[in-house]
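# Per-entry structural report
Chain by chain, the residues run as shown.
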Amino acid sequence: MARAATTTDAFNAVAEPRRRQILDVLAGGERPVNDLVELLDMGQPQVSKHLRVLREVGAVSVREDGRRRLYRLNGEALKPIHDWVKDFERTWSERFDQMDVVLDELKAKEQGDAGGK
């Protein structure tokens with residue numbers, strides 16, 4: 001099956017680690033490109049390329065502020081990823097609950113063994 005173009009699918013767009021780093025920075029508030037370049041230690045052309053992809057999937061929006069372009073996170077575009085991961089939350093919670101039971105049993109056994117010595 002052919003994979004969707006990176007620029008049309010949020011899942012593919014955020015699969016790239018540097019794009020996730022950009023999203024992490026923008027989660028703290030809007031930033032100009034130069035801030036992203038400095039904070040992420042990437043070249044300006046590389047940051048711009050990643051921002052273009054993120055803009056095309058709607059994960060990032062841009063506004064003009066004089067001569068600067070300020071980028072900000074658009075969380076709504078990431079909702080499909082959130083919704084997909086959320087489906088697994090119940091499974092993870094159940095497994096963590098099971099692990100808590102096993103750990104409690106091990107602690108109780110350890111305390112019982114220590115008390116008998």
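The structure we're discussing is the one just above.
Now for a look at the structure at hand. Computed from a predicted model, the values in this text were never measured in an experiment.

For the rest of this paragraph, the subject is the pairing of strand β2 (residues 60-65). By the bridge criterion, six bridges tie β2 to strand β3 (residues 68-73) in an arrangement that is antiparallel. Directly across from D65, in β3, lies its bridge partner R68.

Further remarks concern helix α4 (residues 44-56). Between its first and last C-alpha atoms α4 spans 18 Å; for 13 residues at 1.5 Å apiece the expected length is 18 Å, and the two agree. For α4, the full list of buried residues reads V47, H50, L51, V53 and L54. Along the long axis of α4, the arc covered by the buried residues comes to 160°, so they all point the same way. Residues of α4 that are buried in the fold lie against α1 (10-13), α2 (17-26), α3 (33-40), β2 and β3. Looking one or two places after α4, you find G58, whose phi comes out positive at around 85°.

Residue position: A10 is located in helix α1. As a C-alpha pair, A10 and P80 span 70 residues in sequence and 7.8 Å in three-dimensional space. Beyond its immediate stretch of four places on either side in the chain, A10 contacts V57, A77 and I81.

The subject of this paragraph is the packing of aromatic side chains. Summed over the entire model, instances satisfying the criterion amount to three aromatic pairs. Pairing F11 with W84 gives two aromatic rings, centres 6.0 Å apart and planes at 90°, and the pair type is edge-to-face. Within this pair, whereas F11 is found in helix α1, its partner W84 is found in helix α5 (residues 79-115), the two being separated by 73 residues in sequence. Between F88 and W92, the ring centres sit 6.4 Å apart and the planes meet at 25°, which makes this aromatic pair stacked. Linking F88 with W92, this pair stays in helix α5, spanning four residues, or about one helical turn. According to the relative accessible area criterion, W92 is partly exposed, its value standing at 44%. What links up through ring pairs into an aromatic cluster is the set F11, W84, F88 and W92.

Criteria and thresholds
- Residues numbered from 1 in each chain as written.
- Predicted model: local features only at pLDDT ≥ 70, side-chain atom pairs only at ≥ 80, totals over all residues.
- Heavy atoms only, no water.
- Pairing = 2+ DSSP bridges.
- Helix = DSSP H or I, 4+ residues; strand = E, 2+ residues; numbered from the N terminus.
- Expected span 1.5 Å × (residues − 1).
- Buried < 20%, exposed > 50% of the residue type's maximum accessible area, 1.4 Å probe, protein only.
- Arc of directions from axis to C-beta.
- Contact = heavy atoms within 4.5 Å.
- Phe/Tyr/Trp six-rings, centres within 6.5 Å; stacked < 30°, edge-to-face > 60°.

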